[in-house]
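Fold and contact review
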Amino acid sequence: MLLTLGVKNLFGCIVGFKKSEWHMRSGVNREMFARLLVQIYQAVNPCITLVDGILAMEGQGPGKRGKPRYLGMLVGGSDGLSVDWTICRMLGIDPDALQTLKAARQLGLLNEPIRITGDMINVDHFELPVLGPLTFGPKLLQKFMRKHLVQRPLVDQNHCQLCGECWQYCPAEAITPDDNIIGFDYDRCIRCYCCVEICPHGALAARETLAGKVIRRISGL
Ligand code: SF4
Ligand code: SF4
């Protein structure tokens, strides 16, 4: 989803196995997942959204693979979409690049003018994660291409402590422990990157395959 701000954070309100189930249902389609997040935001309807960006994370997160960056900013408001929109502007990002804001606009939300009080800090060179496509190529070949070309979670054996957090959480049951290493079933994996986020030892990262990188560059995706 590019960034976790006020709206996406509310996915945490989905409890227990429902969270995994919804990840499974919409995790391979960013637009659908973004719409789901906006609808959760509407259902929860928080009276205030407060985004703590005092110490933010940039780079290839989520989890310990991202880089902490001190921004010293705290953004709050009565409308979470406006809060997210304002943060995008502070980071110099087109708000439509954030799928949740794009979905909100398409759903007819975000029509009201936003009134900003306080300092509008401009953050330079905020490093965003590289988002690879979730699917590739014609439908018939998508299973094969997804397995070999699409970005996926990879483990760094030097950091993995075989603690079990990732395989216990994985909504697709795509991770299995072997003797000294964990293995991924990339046919099952929905690329939700919950494992990357949850790993307490920073042993997992989302990585593009070499073939995927080459094809993406050639095709300009
Ligand atoms: S959560 Fe991280 S450290 Fe634990 S088993 Fe998974 S990859 Fe290894
Ligand atoms: S292996 Fe990781 S990215 Fe794939 S479905 Fe499981 S938790 Fe999500």
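Report on the accompanying structure. In this text the structure is predicted, and so the values were computed from the model without any measurement.

**Considering the site of ligand 2**
Taken together, P153, C170, P171, A172, I175, F184, C189, I190, R191, C192, Y193 and C195 make up the full set of residues near ligand 2. Tallied by class, residues from the shell around ligand 2 come to 11 nonpolar, no polar and 1 charged.

**Observations concerning the environment of R89**
Tracing the backbone shows R89 in helix α4 (residues 80-91). Taking the C-alpha atoms as reference points, R89 and M120, 31 residues apart in sequence, are found 8.8 Å from one another. Other than its neighbours up to four places away in sequence, R89 contacts P95, M120 and N122.

**As for the site of ligand 1**
Around ligand 1 sit 13 residues, and of these C160, Q161, C163, C166 and C199 come closest. Considering each element in turn, the shell around ligand 1 owes the most residues, 3 residues, to helix α7 (residues 165-169). Classifying every residue of the shell around ligand 1 gives 9 nonpolar, 3 polar and 1 charged.

**Observations concerning the environment of V44**
For V44, the location among the structural elements is in helix α3 (residues 30-44). V44 sits in the partly exposed class, given a relative accessible area of 38%. With 34 residues separating them along the chain, V44 and L10 place their C-alpha atoms 7.9 Å apart. Every residue in contact with V44, bar those within four places of it in the chain, is listed here: L10 and C13.

**Looking at a nonpolar patch on the surface**
A contiguous nonpolar surface patch, about 580 Å² in accessible area, is contributed by L50, I54, L55, Y70 and L74. For the nonpolar patch, the secondary-structure elements that each account for two or more residues are β1 (49-58) and β2 (67-77). Residue contributions to the nonpolar patch peak at 3 residues, all from β1. Turning to its location among the elements, L50 is positioned in strand β1.

Reading guide: rules and limits
Residues numbered from 1 in each chain as written. Chains lettered and ligands numbered in written order. Predicted model: local features only at pLDDT ≥ 70, side-chain atom pairs only at ≥ 80, totals over all residues. Heavy atoms only, no water. Near = heavy atom within 4 Å. Nonpolar A, V, L, I, M, F, W, Y, C, P; charged D, E, K, R; others polar. Helix = DSSP H or I, 4+ residues; strand = E, 2+ residues; numbered from the N terminus. Contact = heavy atoms within 4.5 Å. Buried < 20%, exposed > 50% of the residue type's maximum accessible area, 1.4 Å probe, protein only. Patch = residues over 30% accessible without salt bridge, like charges linked within 9 Å, V, L, I, M, F, W, Y side chains within 5 Å. Areas by Shrake-Rupley, 256 points an atom, 1.4 Å probe, with all protein chains shown as cover. Salt bridge = Lys/Arg side-chain N within 4 Å of Asp/Glu carboxyl O.

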